[in-house]
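Topology and contacts: notes
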Amino acid sequence: MIFERVPYIYAVRVYLRYKGVTYSYEEMFEDAHMADYQYREGNYACDCNRSLFIGRYCDPDFPELVCGEEIELVALTPVETIIAEASHERLG
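Residues numbered from 1 in each chain as written. Predicted model: local features only at pLDDT ≥ 70, side-chain atom pairs only at ≥ 80, totals over all residues. Heavy atoms only, no water.

1. A short note on the overall build of the protein chain
Helices and strands together make up the secondary structure of the protein chain, namely two helices and five strands. Taken from N to C terminus, the helices and strands of the protein chain fall in the order β-β-β-α-α-β-β. The contacts in the protein chain between residues at least 6 apart in sequence include a share of 54% that link residues at least 24 apart. (Helix = DSSP H or I, 4+ residues; strand = E, 2+ residues; numbered from the N terminus. Contact = heavy atoms within 4.5 Å.)

See below:
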């Protein structure tokens, strides 16, 4: 059996606010709706993960926060969609 898989990569710009300061960075997802879900309801909706992202992408001195909802999601805006080369796989 042969099938073709064409992965799509969706880049979004994430805007988070903590104590009046807005932080922004780009994140990549394979699914158009995954970014929205992750940042509103999934693991990325928690301060423990959001603080890690801010520390990694924006401010290396940003404190690692415990679980909570102090970091506000301001916006998620699409940046671009990348269509990677088609890959072919043979399944036995």
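Picking up after the structure, the text goes on.
2. Quick notes on the environment of K19
If you trace the backbone, K19 turns up in the loop between β2 (8–18) and β3 (21–29). In this structure K19 comes out as exposed when scored by relative accessible area, which is 70%. Expressed as a C-alpha distance, the spacing of K19 and I71, which sit 52 residues apart in the sequence, is 8.0 Å. (Buried < 20%, exposed > 50% of the residue type's maximum accessible area, 1.4 Å probe, protein only.)

3. Some words on the side chain of D47
Here D47 lies in helix α2 (residues 47–57). Of the polar contacts made by the side chain of D47, one reaches the backbone nitrogen of I71; its length is 2.9 Å. Not counting the four nearest positions on each side in its chain, D47 is found in contact with L65, V66, G68, E69, E70 and I71. (Polar contact = N/O pair within 3.5 Å; in protein donor to acceptor, adjacent residues only side chain to side chain.)

4. Thoughts on the state of the cysteines
For the structure on display, the rule yields zero disulfides. The thiol sulfur of C46 is not disulfide-bonded, and the nearest other cysteine sulfur, from C48, lies at 3.5 Å. Overall, the relative accessible area of 17% leaves C46 in the buried class. (Disulfide = S-S within 2.5 Å.)

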